[in-house]
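Residue-level listing of the chains:
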Amino acid sequence: MKTITLEQIEQLEKRYRTNLINCLSGVKGLNLIGTKNAEGQTNLALFNSVVHLGANPPLMGFIQRPASVERHTFENIQNTSFFTINSVSEDIHKQAHQTAARYDRSESEFEEVSLKSIYIDEFYAPFVQESPLKIGLECVDIIPIPYNNTHLIVGKIQLIQLDENFLQADGFLSLHDQKIVGGTGLDSYLSTQEIGRYSYAKPDLPLTDIQP
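These remarks concern the structure in this document. (Residues numbered from 1 in each chain as written. Predicted model: local features only at pLDDT ≥ 70, side-chain atom pairs only at ≥ 80, totals over all residues. Heavy atoms only, no water.)

What to know about empty space enclosed by the protein
By the definition in use, this model includes one cavity of 30 Å³ or more. Lining the largest cavity are N37, Q41, T42, N43, H72, N76 and R105. Elements with a contribution of two residues or more to the lining of the largest cavity: β3 (42-47) and α3 (72-80). Of the residues belonging to the lining of the largest cavity, the class tally is no nonpolar, six polar and one charged. (1 Å grid on protein atoms, 1.4 Å probe; cavity = no way out; pocket = protein on both sides within 12 Å on 5 of 7 lines; lining within 4 Å. Points joined across faces, edges and corners; volume = space filled by probe spheres on them. Helix = DSSP H or I, 4+ residues; strand = E, 2+ residues; numbered from the N terminus. Nonpolar A, V, L, I, M, F, W, Y, C, P; charged D, E, K, R; others polar.)

A closer look at α3
Here α3 has its buried residues at H72, T73, F74, N76, I77 and T80. Where the residues of α3 are buried, they touch β2 (31-36), β3, β5 (58-64), β6 (82-87), β9 (134-145) and β10 (150-161). Where α3 ends, the next residue or the one after it, S81, has phi of about 80°, a positive value. (Buried < 20%, exposed > 50% of the residue type's maximum accessible area, 1.4 Å probe, protein only. Contact = heavy atoms within 4.5 Å.)

Brief notes about the pairing of strand β4 (residues 51-55)
When β4 meets β5, the two strands line up antiparallel, connected through four bridges. Residue pairing across strands places H52 opposite M60, the latter belonging to β5. The turn linking β4 back onto β5 is made up of two residues. (Pairing = 2+ DSSP bridges.)

A few points about the layout of surface pockets
Of the pockets and cavities examined, the largest pocket occupies roughly 1800 Å³. Every residue lining the largest pocket is counted, 47 residues in all, and those nearest its centre are T18, N22, R65, R71 and L186. Those elements that place two or more of their residues in the lining of the largest pocket are α2 (14-24), β3, β5, α3, β11 (182-184) and β12 (188-190). Contributing to the lining of the second largest pocket are 32 residues, with M60, L133, I135, L173 and L175 lying nearest its centre.

Observations regarding the environment of Q11
By secondary structure assignment, the location of Q11 is in the loop between α1 (6-10) and α2. Given a relative accessible area of 61%, Q11 falls into the exposed group. Distance from Q11 to S108, taken between C-alpha atoms, is 37 Å for residues 97 residues apart in sequence.

Observations concerning the environment of I145
Mapped onto the fold, I145 is located in strand β9. By relative accessible area, which is 31% here, I145 ends up partly exposed. As a C-alpha pair, I145 and E90 span 55 residues in sequence and 33 Å in three-dimensional space. Excluding its chain neighbours within four sequence positions, the residues that come into contact with I145 are I63, T150, H151 and L152.

Some details on the pattern of salt bridges
This structure, assessed with the given rule, holds two salt bridges. The partner of R105 in a salt bridge is E75, with the nearest N and O atoms 2.7 Å apart. Within this pair, whereas R105 is found in the loop between α4 (93-98) and α5 (109-112), its partner E75 is found in helix α3, the two being separated by 30 residues in sequence. R105 sits in the partly exposed class, given a relative accessible area of 32%. Of the charged contacts in the structure, one is a salt bridge between R197 and D170, with a shortest N-O distance of 2.9 Å. Taken together, the positions of R197 in the segment after β12 and D170 in the loop between β10 and β11 put the pair 27 residues apart, joining distant regions of the chain. (Salt bridge = Lys/Arg side-chain N within 4 Å of Asp/Glu carboxyl O.)

Focus: the sheet that holds β9
Strand pairing within a sheet occurs via backbone hydrogen bonds; the two strands may be parallel or antiparallel. The strand order β3-β2-β6-β9-β10-β5-β4 describes an open sheet built from seven strands, whose pairing is antiparallel. Every interior strand has two partners, whereas the edge strands, β3 and β4, have only one. Averaged over all neighbouring strand pairs, the angle between strand axes comes to 35°, with direction disregarded. Here six bridges tie β2 to β3, and the two strands are oriented antiparallel to one another. Directly across from K36, in β3, lies its bridge partner T42. Across the face of the sheet, α3 comes into contact with β2, β3, β5, β6, β9 and β10 while running at roughly 50° to β2. (Axes fitted to C-alpha atoms, helices over the stretch in contact; angles between N-to-C directions.)

The following block contains the structure:
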């Protein structure tokens, strides 16, 4: 086993350090975030930092990196408040990866990577048609993290579009059966496979398997 100290981490080559630190938090969800500015220009960007923040009210969030360069997603949310979170499946993971390229503000990633934008129930921001799970959110808070100049973007869920075939009676939504992918580092994409679902953990009861 190798031990790496903070001093050594800080001396690593930038790209190496970024990749290593991104791997440490394990397998992460990958999502395409769709936005549209006030002039109607759409934007689509891949994020690996989407998190569940609460079920009542239903909140999700993601980390926006420092604004050292133009951040079209962040600017659009600041100006319009609305954004979409779209799961990445095996079928579109290459197009999703390509959205990380620094396209000009006047270029829509939807068009550049050949993904289709759609609108649901007059929601302002665009969804990814090819995504198996689509979530529309309204930004309710932007929390700065001064230590590294990032922001936690907090959104309240306004609508969900999903395939009912993968929604179970208890509200569990199977993601692996829809071939939704995860990722590690900056460029590794992983298929997912469920290895078990278990009963609610209590001190005095043994775990039991939950059958689909």
